[in-house]
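Below, each chain spelled out in residue letters.
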Amino acid sequence: MKGVGFLVAFVLLALASKLASASDPSPLQDFCVAVNDAKDGVFVNGKLCKDPKLAVPEDFFLQGLNIPGNTSNPVGSMVTPANVQQIPGLNTLGISLVRIDYAPYGGLNPPHTHPRATEILVVVEGTLYVGFVTSNPENRLFTKVLYPGDVFVFPVGLIHFQFNIGHTNAVAFAGLSSQNPGVITIANAVFGSDPAINPDVLAKAFQLDKNIVKQLQSRFWWDNN
């Protein structure tokens, strides 16, 4: 009986250990400011950390999110990030921010996913039609029209978008649950990959003529490169 109890305890400990290693560890220090110099650095969460004694207020600071982004591009939107690349003090803290500007009627933050983060978005100016799609097999669409002060959540990994349906500029801010959430813009990834995906694959997947696929690939590959 004693041996069985030991075996059960051992199995539970092994399972707990496996579960613990399946997610990011909690920081064991106040902060871990990212640096690019390998000298005197410690590699944590994809970045080297500077000696905490050398940290300065600027490591936790970014200015400029009051400046509108340039929406003069094919999709009519601009995302201005505030993640670990811009604020090194965010390293290991599991959070970041973006400002999104949208051109009048038609400004689009196109369908995309964040593989490492849930997003919570608040509209500051304008009117946005937003939504996300659930995973297979339901592929259920959740949408809402947002006005200034409204908030909407996009669950981690799900395809989502925002579209300006107003006749003025729109502005939103979004918090993301990762220092480096990543972004995969669906159209760019599928039609603009480098090297290009075999057109036969995309023609069958999207039920399109192969020539249309090639036309889309030439356009998106040019945009991405």
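If you're wondering where the values come from, they're calculated on a predicted model, not measured in any experiment.

J.: How do you make sense of the state of the cysteines when you look at a structure like this?
T.: What makes a disulfide is a covalent bond joining the sulfur atoms belonging to two cysteines. The tally for this structure, following the rule as stated, stands at 1 disulfide. Put simply, Cys 32 and Cys 49 are joined by a disulfide, and their sulfur atoms are 1.6 Å apart. With the S-S bond torsion at 85°, the cross-link from Cys 32 to Cys 49 turns out right-handed. Taken together, the positions of Cys 32 in the loop between α1 (2-21) and β1 (34-35) and Cys 49 in strand β3 (residues 47-49) put the pair 17 residues apart, joining distant regions of the chain. A single burial state applies to Cys 32 and to Cys 49, both of which are buried.

J.: Where do I start with the packing of aromatic side chains in this structure?
T.: Aromatic ring pairs: the centre-centre distance and the angle between the two ring planes describe each pair. Taken as a whole and assessed by the stated rule, the structure comprises 8 aromatic pairs. Each ring, one from Phe 132 and one from Phe 142, has its centre 5.0 Å from the other, and the planes form 10°; the classification is stacked. Residue Phe 132 is found in strand β8 (residues 128-133), and its partner Phe 142 is found in strand β9 (residues 141-146); the two are separated by 10 residues along the sequence. Residue Phe 142 is classed as partly exposed on the basis of its relative accessible area, which comes to 30%. Classification of Phe 132 as buried rests on a relative accessible area of 9%.

J.: Sorry if this is basic, but what is going on with the sheet that holds strand β10 (residues 151-154) here?
T.: Sheet strands associate in pairs through backbone hydrogen bonding, adopting either a parallel or an antiparallel arrangement. If you walk across this open sheet you meet the 5 strands as β4-β5-β12-β7-β10, and the pairing is antiparallel. In this open sheet, the two edge strands, each paired with only one partner strand, are β4 (77-82) and β10. The mean inter-strand angle of the sheet, taken between neighbouring strand axes irrespective of direction, is 20°. Bridging between β4 and strand β5 (residues 96-102) involves 6 bridges; their strand directions are antiparallel. Its bridge partner lying in β5, Val 79 is registered against Ile 100.

J.: Honestly, the side chain of Gln 179 in this entry has me stumped. Any pointers?
T.: Looking at the element boundaries, Gln 179 is found in the loop between β12 (170-176) and β13 (184-185). Looking at Gln 179, its side chain comes within polar contact range of the side chain of Asn 91, at 2.9 Å.

J.: What should I look at first to understand the environment of Tyr 129 in this one?
T.: Residue position: Tyr 129 is located in strand β8. For Tyr 129, a relative accessible area of 27% corresponds to the partly exposed category. Placed 35 residues apart in sequence, Tyr 129 and Asn 164 show a C-alpha to C-alpha distance of 6.3 Å. In this structure Tyr 129 touches Leu 141, Thr 143, Lys 144, Val 145, Phe 161, Gln 162, Phe 163 and Ile 165, once residues within four positions along its chain are discounted.

J.: Can you walk me through helix α3 (residues 199-206) in this structure?
T.: Side chains that are three or four residues apart share a direction in an α-helix, a result of its 3.6 residues per turn. All buried positions along α3 are accounted for by Pro 199, Leu 202 and Ala 203. An end-on view of α3 places all buried positions within 105° of arc, on one side of the element. Looking at α3, the residues exposed on the side facing more than 90 degrees away from the buried face are Lys 204 and Ala 205. Among the residues of α3, the N-terminal cap falls to Asn 198, whose side-chain oxygen and the backbone nitrogen of Asp 200 are separated by 2.8 Å.

J.: Explanation requested: the UniProt feature "binding site: Mn(2+)" (unreviewed entry) in the protein chain in the structure shown.
T.: Residues annotated in UniProt with the feature "binding site: Mn(2+)" (unreviewed entry) correspond here to His 112, His 114, Glu 119 and His 160. Taken together, the annotated residues stretch across 49 residues yet fold into one region, lying no more than 11.8 Å apart by C-alpha. The topology assignment puts Glu 119 in strand β7 (residues 119-125). Exposure remark for Glu 119: the relative accessible area of 2% places this residue in the buried category. Those residues in contact with Glu 119, other than ones at most four positions away along the chain, are Ile 100, His 112, His 114, Phe 152, Val 153, Phe 154, His 160, Gln 162, Ala 174, Gly 175 and Leu 176. Structurally, the position occupied by His 160 is in strand β11 (residues 159-164). Leaving out residues up to four positions away in the same chain, His 160 has contacts with Pro 110, Pro 111, His 112, Thr 113, His 114, Glu 119, Gly 131, Phe 132 and Phe 154. At 3.0 Å, the side chain of His 160 and the side chain of Glu 119 are in polar contact.

Definitions and cut-offs
- Residues numbered from 1 in each chain as written.
- Predicted model: local features only at pLDDT ≥ 70, side-chain atom pairs only at ≥ 80, totals over all residues.
- Heavy atoms only, no water.
- Disulfide = S-S within 2.5 Å.
- Helix = DSSP H or I, 4+ residues; strand = E, 2+ residues; numbered from the N terminus.
- Buried < 20%, exposed > 50% of the residue type's maximum accessible area, 1.4 Å probe, protein only.
- Phe/Tyr/Trp six-rings, centres within 6.5 Å; stacked < 30°, edge-to-face > 60°.
- Pairing = 2+ DSSP bridges.
- Axes fitted to C-alpha atoms, helices over the stretch in contact; angles between N-to-C directions.
- Polar contact = N/O pair within 3.5 Å; in protein donor to acceptor, adjacent residues only side chain to side chain.
- Contact = heavy atoms within 4.5 Å.
- Arc of directions from axis to C-beta.
- UniProt positions renumbered as here; feature names shortened; annotations may be inferred.

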